[in-house]
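Understanding the architecture of this molecule
Okay, here's what each chain looks like letter by letter:
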Amino acid sequence: MLNLRLETVSSTMFSSYYVRTKLLYSSFIFCYKEFQMSPSDEQNQLTIGIIAHIDAGKTTTTENILYQTGKIHKIGSVDDGTTEMDYLDEEKERGITIISAATTVFWKNHKINIIDTPGHIDFISEVKKSLTVIDSGILVVCGTAGVQAQTETLYNLCSEDNIPLMFFINKLDRPTSSFSRTYNSLVESFKIKFLPINLPIYNLNDQFTGVYDILIGKAFIYNFDPGNNNINKIKQNASSENDAEFFTMNIDDYFQQKYKIPDFLSFNNIFSETLAEFDESFLHEFLSSGNIDDISYEKKIELIKSLTKERKLFPVSCGSALKKIGISQLLDNITLYLPTTDEVKYTLYSASNEPIEQPNKKVAFVFKTIYEKQSGKISFLRIYNGNFNKGDKLFNPRINEWERISHIYQLHANKKTEIQTAHKGDIVGIIGFKDTQTGDTLLSDKSYIFMHKHFLTEPVITMSIEPRFVKDVEPLLNALEIISNEDNSFRFKQNQQSGLIEVSGMGELHLQVIQHRLFNEFKIETRLGNPSIAYKETITQRVSREISVSKIVKGVTNHFEIGITLEPSDENKLVILEKNIEPDYLSFFEIFSNSIFVSGPMYGYPITNLSIILDRFNLISNSVELLLLGEVTRDLFFQLYNEAKPALLEPIMKLDIVADESHFSEVISDLNAKNVDIIEMKVLPDSPKYRRIIALGRLSLFFGYSTILRNLTSGQGYFSMEFYTYQPSSI
C-alpha cells in the first residue's frame, strides 16, 4: 500500500489540503521543529552554489528559489531577459549566464547564501571561482537530456574540492522527460551512491503535477489555475496544524482515480536499501521487516546528512522550475541534508605548505573582483572565521601589507546593501582594498598563512584586437587591464615592437562577449582577428642545483646560498622548504614565481604544471640586495629549465556532438579524417533519431566547426566543446 499524504494548492480557494496519517505528520512536525533555529545562528547558515550544464534550467531554478523564499515577488524569464540574477545586458540578449552572482535568502529559519554560476563552458572560470568558497552544491540536470558533458565536468570539479552535492532533476514537465531514465544516467555516469529523496507525480493524462517525498511519505500536488496556466505557491513555514486546513482521505483510492508515481516501489526500495548499507541498525530493520519505516525521521535525516557531507551519498530531488513544481521541496532538502557553515572545516597552509586547521583568528578569502564606475573596485569575500566590521584592518600575507575595509555590502546580483558587520559564512562585497587581488587570503593578524584555492583557468584561444580609432589604443589597454583583473581566464599582451595587441580566453564566445563589453561599458569600438591557439610549455624531467653567491654591491658584500629544484607537477606552484625566511624575501620568491610562470624561456609561452621548490636559502651576510637576488634566481631557473627537457603543449578539447541519424556517417567520417579520438557513441533516449558522439581532439582542428557541422548535417546537428587537457604538440 502507498503510505502517502497529499497537499493540494489552489489560488482560487486560498487554502491547503493535507492528507496524512496523524503519526506521520506529528513526526514530520517534530523533525522540522528540531531543525528550526534563529537565522542569526551560524549553525543555521549554508553557503551553496547552483551549477549545471547550459540549458538545464539552472537560472530558472534560482529564480524560483528567490520567489519561493520571498526575495522577489515576480518571476522573470530567461527568454525575456528579465531574470534577477542575469543582470548584464549581454546575459539578457544571449539568454545565458556569463558571470556568477551572489544573493542571500531565508527558508525555515535557515540563512542560505547562494552563488548562481554560468553554464556555458567558455565561462568555466566563473564557476571555478565560485566553487572555491561554497560548502555544498546543487547540480541541476535536465530530465530530458540527462547527464551531459558539462554535467560531468562540474561533478569532477566538485570532487577535486571535496564539495558535497545534491542533484536536482529538472524539466520533468516536458513530454520526453523521464525521472527514471535520468536517475539511471546519473548512476551509470558517475558510479557513486545516489539516494532518491523526491519522486515525480503525474496525473492520468501523464501531466507532471507534483512531487512525493519518500522520507516523510508526503505528496505535494500542484494544481493548475485554468485562468492563467500558472502554479500557485504552497503555504510555507507551518509551525502547527492550525496554520492550514487538513483533511483525512483514503490515499489508495485517491491515487487510483487521479495520480500515479512511476516506479514508486523500486525507488522506495532503493531508498531503504541504500541507507541500510551504511548503518547496522538500518540494515537490521530492513532485513527483519523489508523496510525502514519504523526508524525515526530524526535518525534518517542525521544519517543522510552525515553521508552527504562525507560525499558517500548524493541525494536526488526533482521538479520543474518552469512550472514552479518541487522548488519548495528542494529548499527543504537543502536545509535538511546539506552541511551548515559550522559543520564545514577549512585549512590554511604555511609558506612551507604545512597545514593549519582552523586557526583562531579572522580569516577571509577573496574569490572575485569587479570594477564599477561609481564604486570602483569591489572585492567579493567569503568569511571563514570571525566577524568583520567596517573600518577593520586586515593583513594580506601575499603582499605583506595591511588593507582597510571602507564599506561592507550584502549582495543580491548587481544590487548592494551596505551593512556594518559581516559574519562567519557570509558572502559580501568590500570596498577599500587597494592591492588585494582575487585569490588572496586576509587575516586579522600579521601571519604568513594562506588558503590554497585552485581556480586559475588558463585560456586556450588567442585573437588579435585593435581599436577602430588610434586615439583609443591607451583606453583599450586600460579597459583590458580592468577586465583581466576581474576575469582570471582572460589575458592580454601588447608587442612592444609592432604595437599589436592580443587577447586570450576560453573560446570565441568568451572573447566576443569581452568585445561587446568594451563597446557597451567603455565605449571603445574594436575589431577581432582570426583565432590562434594558446600553446603552453612545461618540463618533463626533475632537476635541482644549489649554488653559493658572494658579490659586492654598492661596497657591501652580499653572500648567500640558494638551492632550487624544478619538477613536473599537476599545477604551477612554489614550495618553500626553507623555514624562517624573512617576510621581504618570502614576498620576493612569491612574486618571482608568479612572474616566471607567465612566459617560458624555451618557447615564450606560459608555463604550466611546474613545481618550483626552494630547497635552501641561507643568508651568510646580514642581507642581500633584492636586485642581485633576482638576477641570480632567474639565471639559475633558466639553467635548470633548459636542462629539464622542455616540451611545447597544445590544448585538447572534449566535444559533445549531436547529429541526426541520416547525417551521422558524414559526421563520423569527418571526425576520422581529423584523426580525433571517439570515446563514446550512443542514441539519445528522448530522441531516437539522433546520435550523440563524445570525442577528443586538438583545438586547432575545430576552429569554425559550427559551420562545418551545420553543412554536414543540413542544419540538424549541434555541438558543445570544452577544454580537456594539454598534450605535447605535434608541431
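Rules used in this analysis
- Residues numbered from 1 in each chain as written.
- Predicted model: local features only at pLDDT ≥ 70, side-chain atom pairs only at ≥ 80, totals over all residues.
- Heavy atoms only, no water.
- Helix = DSSP H or I, 4+ residues; strand = E, 2+ residues; numbered from the N terminus.
- Salt bridge = Lys/Arg side-chain N within 4 Å of Asp/Glu carboxyl O.
- Buried < 20%, exposed > 50% of the residue type's maximum accessible area, 1.4 Å probe, protein only.
- Pairing = 2+ DSSP bridges.
- Axes fitted to C-alpha atoms, helices over the stretch in contact; angles between N-to-C directions.
- Contact = heavy atoms within 4.5 Å.
- Patch = residues over 30% accessible without salt bridge, like charges linked within 9 Å, V, L, I, M, F, W, Y side chains within 5 Å.
- Areas by Shrake-Rupley, 256 points an atom, 1.4 Å probe, with all protein chains shown as cover.
- 1 Å grid on protein atoms, 1.4 Å probe; cavity = no way out; pocket = protein on both sides within 12 Å on 5 of 7 lines; lining within 4 Å.
- Points joined across faces, edges and corners; volume = space filled by probe spheres on them.
- Nonpolar A, V, L, I, M, F, W, Y, C, P; charged D, E, K, R; others polar.
- Parallel < 35°, antiparallel > 145°, perpendicular 65-115°, else oblique.
- Left-handed = near helix turned anticlockwise from the far one by under 90°.
- Core = buried A, V, L, I, M, F, W, Y, C linked by side-chain atoms within 4.5 Å.

1. Thoughts on unusual backbone geometry
- A positive phi is found at D55, a non-glycine position, where the angle reads about 70°.
- Structurally, the position occupied by D55 is in the loop between strand 3 (45-52) and helix 2 (58-68).
- Of note in the backbone geometry, S714 takes a positive phi value of approximately 55° without being a glycine.
- The residue S714 is located in the loop between helix 17 (705-712) and strand 40 (718-728) in this model.

2. Overview of the pattern of salt bridges
- Scanning the entire structure with this criterion turns up 31 salt bridges.
- Among the ionic pairs, E643 bridges to R545, the shortest N-O distance being 2.8 Å. With E643 in helix 15 (residues 626-643) and R545 in strand 33 (residues 543-553), this pair connects stretches of sequence that are 98 residues apart.
- Taking relative accessible area as the criterion, R545 reaches 29% and is therefore assigned partly exposed.
- Counted as one network, the salt bridges with shared partners bring together E126, K129 and K368.

3. A closer look at the sheet that holds strand 8 (residues 194-196)
- Reading across the sheet, the seven strands line up as 4-5-3-6-7-13-8 and stay open at both edges, with mixed pairing between neighbours. Strands at the two margins of the open sheet, each flanked by one partner only, are strand 4 (101-107) and strand 8. When strand polarity is set aside, the average angle formed by the axes of neighbouring strands in this sheet is 30°.
- Across five bridges, strand 3 lies against strand 6 (residues 136-142) in parallel orientation. Within strand 6, the position partnered with I48 by the bridge is S136.

4. Some points on the sheet that holds strand 35 (residues 573-576)
- Taken in spatial order, the four strands line up as 33-34-36-35 in an open sheet, and their pairing is mixed. Of all the strands in the sheet, the pair left with one neighbour each is strand 33 and strand 35. For this sheet the average axis-to-axis angle between neighbouring strands, irrespective of direction, equals 25°.
- Of the pairings in the sheet, the one linking strand 34 (residues 556-568) to strand 36 (residues 610-619) comprises nine bridges and is antiparallel in character. Paired with E561 across the bridge in strand 36 is N618.
- Of the strands in this sheet, strand 34, strand 35 and strand 36 are in contact with helix 14 (residues 583-596), which crosses strand 36 at around 150°.
- In the packing of helix 15 onto the sheet, the strands contacted are strand 33, strand 34 and strand 36, and the crossing angle to strand 34 comes to about 30°.

5. Brief notes about a nonpolar patch on the surface
- A grouping of M602, Y603 and Y605 is seen on the molecular surface, where their side chains present a nonpolar patch of about 270 Å² in accessible area.
- Within the secondary structure, Y603 sits in the loop between helix 14 and strand 36.

6. Digging into empty space enclosed by the protein
- If you walk through the whole model with that rule in mind, you get four cavities of 30 Å³ or more.
- In this structure, the second largest cavity encloses a volume near 40 Å³.
- The wall of the second largest cavity is formed by I564, L574, F589, F592, S593, I612, L614 and T633.
- When residues in the lining of the second largest cavity are grouped by element, the largest group, three residues, is from helix 14.
- Counted by class, the lining of the second largest cavity contains six nonpolar, two polar and no charged residues.

7. Topic: the packing of helix 14 against helix 15
- Running from N to C, helix 14 and helix 15 point in directions that differ by 45°, and their axes come no closer than 11 Å. Our classification of the angle between helix 14 and helix 15 gives oblique. In the crossing of helix 14 with helix 15, the sense of the turn from one axis to the other is right-handed. Residues Y585, F588, F589, F592, S595 and I596 of helix 14 touch helix 15, and the partners they reach there are L626, L629, G630, T633, R634, F637 and F638.
- Along the lines of polarity and charge, the residues of the contact of helix 14 with helix 15 split into nine nonpolar, three polar and one charged.

8. Let's talk about the nonpolar core
- Core analysis: the largest hydrophobic core is formed by 107 residues, its most contacted members being I112, I138, F167, F179, L186, F271 and L275.
- With six residues, helix 11 (residues 327-337) is the single largest residue contributor to this core.
- When residues no more than four places from it in sequence are discounted, the contact partners of F167 are L139, V141, Y155, L186, F190, F194, F314, P315, V316 and S317.
- Grouped together as the second largest cluster of nonpolar side chains are 35 residues, V549, F597, F637 and A644 included.

9. So, the packing of helix 16 (residues 664-673) against helix 17
- Viewed as axis vectors pointing N to C, helix 16 and helix 17 meet at an angle of 140°, and their least axial separation amounts to 9 Å. Classified by the interaxial angle, the pair formed by helix 16 and helix 17 is oblique. For the pair helix 16 and helix 17, the sense of crossing is right-handed. Contacts from E666, V667, D670 and L671 in helix 16 reach Y705, I708, L709 and L712 in helix 17.

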